[in-house]
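Structural characterization, general
The lines below spell out each chain.
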Amino acid sequence: MASKTRTPAKIAPLPAPTSAFRRLRLNLRHLFYGESPGAVRFRLWVIVLDLVLIGFFIATPMFRDRPIFLAIDYGIAVIVAIDLAARTLAAPDLSRWVRRSSFWVDVVVLITLLFPLWLANFAFLRVLRLWSLFHSDFFWETVARRYDNTRWEETTKALATLVTYLFIVTGFVYALYARQHPHINGYVDALYFTVSTVTTTGFGDVTLPGASGKLLSILIMLSGFTLFVRLAQALLRPRKVLFACPACGLLRHDLDAVHCKACGQLLNIPNDEGP
């Protein structure tokens, strides 16, 4: 009896499991990077939500002991997780996206939201989202770069860095010295100390104890003064226009520049203000 040769059964191709996933990524990419009016409105609402969350992060120490705090905290954790997942799915280059500082800022913020009791002393790191927002292309390409006002962008970034620094230092001082220092009984006291130290006003009514406290105060003064200088430079230096020189890549040029100062290349800077 001749043996039958078993031919492999043909398996019908399964529908691509990533088709819906790909559509989701394309839709998110359009919302986060598209130029349609609907995409711009979506990004504006995301920015408004970001600002509301940042306001919550700044005010957190003032009502952390209230019963409703944990419910709000976990609700915001869900929002941040959805936002982070959506931005990750929308990223054109995933490997490049996970190397960006904004991604890791969101990861740190999410971790502190998921474990608010265990990581209470690190909650001040949530304010980093303020720095992340105002230093992101997502914000400027949606809100302000359409007006081509380089000075406002630089000034806002410098101001956001300074404000973020103030609240980070305030949270750090509060976590270390609150209820352990006779003059730092609350978040406002820590903020008062930080501002008076950074501005080198130094009223002297609130000082940090010991050699470590003095060294921390010196560090706060020096770094804070540097940020103030950077903000002053952004406010006072002549306005520049951002345009990459095709020859040497120099990015900043005078408003009426015809040639690149670095290499002499003829420039063709777009100008909507007319002659």
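Above this text sits the structure in question.
Structural notes, computed from the coordinates. (Residues numbered from 1 in each chain as written. Predicted model: local features only at pLDDT ≥ 70, side-chain atom pairs only at ≥ 80, totals over all residues. Heavy atoms only, no water.)

A look at the pattern of salt bridges
The full count for this structure, using the stated rule, is 6 salt bridges. Residue Asp73 is joined to Arg126 by a salt bridge in which the shortest nitrogen-to-oxygen separation is 3.0 Å. Linking Asp73 in helix α3 (residues 69-90) with Arg126 in the loop between α5 (101-114) and α6 (128-134), this pair joins segments that are 53 residues apart in sequence. The exposure classification of Asp73 matches that of Arg126, with both residues buried. Taking the shortest distance from any N to any O, the salt bridge between Asp106 and Arg129 comes out at 2.9 Å. Of the two residues, Asp106 is situated in helix α5 and Arg129 in helix α6; the sequence distance between them amounts to 23 residues. Through salt bridges with shared partners, one network takes in Asp50, Asp83, Arg87, Asp106 and Arg129. (Salt bridge = Lys/Arg side-chain N within 4 Å of Asp/Glu carboxyl O. Helix = DSSP H or I, 4+ residues; strand = E, 2+ residues; numbered from the N terminus. Buried < 20%, exposed > 50% of the residue type's maximum accessible area, 1.4 Å probe, protein only.)

Quick look at the packing of aromatic side chains
Scanning the model with the defined rule gives 11 aromatic pairs in all. Seen from their ring centres, Phe115 and Trp118 are 5.6 Å apart, and the 5 degrees between their planes marks the pair as stacked. Note on Phe115: relative accessible area 37%, which makes it partly exposed. Residue Trp118 is classed as exposed on the basis of its relative accessible area of 72%. Positioned above the aromatic ring of Phe138, the side-chain terminus of Arg87 is 4.6 Å from the ring centre. (Phe/Tyr/Trp six-rings, centres within 6.5 Å; stacked < 30°, edge-to-face > 60°. Lys NZ or Arg CZ within 6 Å of the ring centre and 35° of its normal.)

Re the layout of surface pockets
Within this model, the largest pocket holds a volume of roughly 590 Å³. Forming the boundary of the largest pocket are 22 residues, of which Tyr33, Trp97, Arg100, Asp137 and Phe138 lie nearest the centre. Broken down by secondary-structure element, the contributors of at least two residues to the lining of the largest pocket are α1 (19-33), α2 (37-59), α4 (94-97), α5, α6 and α7 (137-143). Class assignment for the residues of the lining of the largest pocket results in 7 nonpolar, 4 polar and 11 charged. (1 Å grid on protein atoms, 1.4 Å probe; cavity = no way out; pocket = protein on both sides within 12 Å on 5 of 7 lines; lining within 4 Å. Points joined across faces, edges and corners; volume = space filled by probe spheres on them. Nonpolar A, V, L, I, M, F, W, Y, C, P; charged D, E, K, R; others polar.)

Observations concerning the environment of Phe56
Take Phe56: it is sitting in helix α2. Discounting chain neighbours no more than four positions away, the residues touching Phe56 are Phe63, Phe69, Ile72, Asp73, Ile76 and Arg126. (Contact = heavy atoms within 4.5 Å.)

Some words on the packing of α1 against α3
At a minimum axis separation of 8 Å, α1 and α3 run at an interaxial angle of 100 degrees. It follows that α1 is roughly perpendicular to α3 by the angle criterion. Touching Phe21, Leu24, Arg25, Leu28, Arg29, Phe32 and Tyr33 of α1 are Ala86, Arg87, Leu89 and Ala90, all from α3. Counted by class, the contact of α1 with α3 contains 8 nonpolar, no polar and 3 charged residues. (Axes fitted to C-alpha atoms, helices over the stretch in contact; angles between N-to-C directions. Parallel < 35°, antiparallel > 145°, perpendicular 65-115°, else oblique.)

Thoughts on the side chain of Asp50
Positionally, Asp50 belongs in helix α2. Reaching out from Asp50, the side chain makes a polar contact with the side chain of Arg129 at a distance of 2.6 Å. Those residues in contact with Asp50 that sit more than four places away from it in its chain are Arg87, Arg129 and Leu133. (Polar contact = N/O pair within 3.5 Å; in protein donor to acceptor, adjacent residues only side chain to side chain.)

A word on the environment of Gln233
Position of Gln233 relative to the elements: it lies in helix α10 (residues 210-236). A C-alpha to C-alpha distance of 9.5 Å links Gln233 and Glu154, two positions 79 residues apart in sequence.

Section: a nonpolar patch on the surface
On the surface, a nonpolar cluster with roughly 570 Å² of combined accessible area is contributed by Ile111, Leu114, Phe115, Leu117 and Trp118. Position of Leu114 among the secondary structure elements: in helix α5. (Patch = residues over 30% accessible without salt bridge, like charges linked within 9 Å, V, L, I, M, F, W, Y side chains within 5 Å. Areas by Shrake-Rupley, 256 points an atom, 1.4 Å probe, with all protein chains shown as cover.)

So, the nonpolar core
Membership of the largest hydrophobic core comes to 25 residues, with the highest contact counts inside it found for Tyr165, Val173, Tyr177, Ile184, Phe193, Leu208 and Ile220. Counting residues per element, the ones that place at least two in this core are α8 (150-177), α9 (187-198) and α10. Among the elements that make up this core, the one with the highest residue count is α8 (10 residues). Look past the residues within four positions of Leu208 in its chain and what remains in contact with it is Val173, Tyr177, His181, Ile184, Phe193, Gly213, Lys214, Leu216 and Ser217. Counting 17 residues, the second-largest nonpolar core is a separate cluster that includes Trp97, Val105, Val107 and Leu110. (Core = buried A, V, L, I, M, F, W, Y, C linked by side-chain atoms within 4.5 Å.)

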